[in-house]
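Structural overview for review
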Amino acid sequence: KERCVKNLSIHSKIYIPMIVLFSFMFLAMFACLFWNIDKIEKRVLQDKAKQFELFAQEKLNAKFQISITNSIEIAQNKFVIDGLKNNDKSALKAELKNLTQNIKDSSDYKNIQIHVHTADIKSFIRSWNDKSGDDLSSFRHMIHTVKNDKKAVYGIEVGKTGLAIRGIAPIFNNDGENKEYIGSVEFIQSFESIVK
């Protein structure tokens, strides 16, 4: 009996502290693992957020470039210049409809609109409806910039149809050496493809 108690006491002196030590080590490793998993998860989420931010910025920059290049191209279109110069909305409306349809058919950009403005910052013609003649000067600051600087601009601005990506280029009467500013053209895109 005494020998059994001595053996128990040796076992308890060796094994119980070892079991307690291993239990603490196991709990510490478990806590460390969860702490590291949480840190890794946060880092992965931060990396994903940065990737989405860069992706969205790249898409937005691509839309800016498309807006400005298309507005410059459309501003040099003979039908656009002649339609604005001669106040001929019917021929210009057909040309704008044709331009927007060609862009929609040959690209991923389906929600585009073209808006032509007069030199006094009024709506001349819209590709998406028949409303025209409304004064835009009180809230369309990018059109003012184009009129004053006679250079194309791009950006995000609120219009009558809401917030949109816009490229606006000046339209000049190409008769003679002196180019006369006769208005501007706006290439409008939505944010839909970026959101998707």
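Above this text is the structure in question.
Residues numbered from 1 in each chain as written. Predicted model: local features only at pLDDT ≥ 70, side-chain atom pairs only at ≥ 80, totals over all residues. Heavy atoms only, no water.

1. A short note on a nonpolar patch on the surface
Taken together, I16, V20, F24, F26, L27, F30, L33, F34 and I37 make up a surface patch of nonpolar side chains, about 920 Å² in accessible area. Among the secondary structure elements, L27 is positioned in helix 1 (residues 2-75). According to the relative accessible area criterion, L27 is exposed, its value standing at 52%. (Patch = residues over 30% accessible without salt bridge, like charges linked within 9 Å, V, L, I, M, F, W, Y side chains within 5 Å. Areas by Shrake-Rupley, 256 points an atom, 1.4 Å probe, with all protein chains shown as cover. Salt bridge = Lys/Arg side-chain N within 4 Å of Asp/Glu carboxyl O. Helix = DSSP H or I, 4+ residues; strand = E, 2+ residues; numbered from the N terminus. Buried < 20%, exposed > 50% of the residue type's maximum accessible area, 1.4 Å probe, protein only.)

2. Re the pairing of strand 1 (residues 112-118)
Among the seven residues that make up strand 1, seven are buried, leaving the element largely enclosed by the rest of the structure. Note: strand 1 against strand 5 (residues 180-189), seven bridges, orientation antiparallel. Residue I114 lies in a different strand from strand 5, and its bridge partner there is F187. Two strands pair when backbone bridges link them, and strand 1 and strand 2 (residues 123-126) are joined in this way by three bridges, in the antiparallel orientation. Within strand 2, the position partnered with V116 by the bridge is I125. Once strand 1 ends, the chain turns through four residues before running back antiparallel as strand 2, passing I121 with a positive phi of about 60°. (Pairing = 2+ DSSP bridges.)

3. Quick word on helix 4 (residues 141-149)
Of the positions making up helix 4, those classed as buried are M142, I143 and V146. Each buried residue of helix 4 sits inside an arc of 105° when the element is viewed along its axis, so together they form one side. Turned more than 90 degrees away from the buried face of helix 4, the exposed residues are H141 and N148. At its buried positions, helix 4 is contacted by strand 1, strand 3 (153-159), strand 4 (162-173) and strand 5. Following helix 4 by one or two positions, K150 has its phi on the positive side, about 55°. (Arc of directions from axis to C-beta. Contact = heavy atoms within 4.5 Å.)

4. What about the nonpolar core?
By size, the foremost hydrophobic cluster in this structure holds 20 residues, and its most contacted members are L96, V116, I171 and V185. Counting only elements with at least two residues in this core, the list comes to helix 1, helix 2 (78-85), helix 3 (89-106), strand 1, strand 2, strand 4 and strand 5. With four residues, helix 3 is the largest single contributor of residues to this core. In terms of nonpolar packing, the next biggest core, distinct from the first, is built from nine residues, I121, M142, V146 and I168 among them. (Core = buried A, V, L, I, M, F, W, Y, C linked by side-chain atoms within 4.5 Å.)

5. Details of the layout of surface pockets
Approximately 160 Å³ is the volume attributed to the largest pocket. Of all the elements in the fold, those that place two or more residues in the lining of the largest pocket are helix 1 and strand 4. Element by element, the count of residues in the lining of the largest pocket is highest for strand 4, at three residues. (1 Å grid on protein atoms, 1.4 Å probe; cavity = no way out; pocket = protein on both sides within 12 Å on 5 of 7 lines; lining within 4 Å. Points joined across faces, edges and corners; volume = space filled by probe spheres on them.)

6. Here we look at the pattern of salt bridges
Applying the stated criterion across every chain, the model contains nine salt bridges. A salt bridge links D82 to K85, with the nearest nitrogen and oxygen atoms 3.9 Å apart. Note that D82 and K85 are positioned in helix 2 at a spacing of three residues, about one turn of the helix. The salt bridge involving D134 is made with K160; its shortest N-O contact spans 3.3 Å. With D134 in the loop between strand 2 and helix 4 and K160 in the loop between strand 3 and strand 4, this residue pair connects regions lying 26 residues apart in the sequence. Looking at D134, the relative accessible area reads 11%, which means it is buried. Looking at K160, the relative accessible area reads 48%, which means it is partly exposed. Here the residues in one salt-bridge network are R140, E157, R166 and E186, joined through shared partners.

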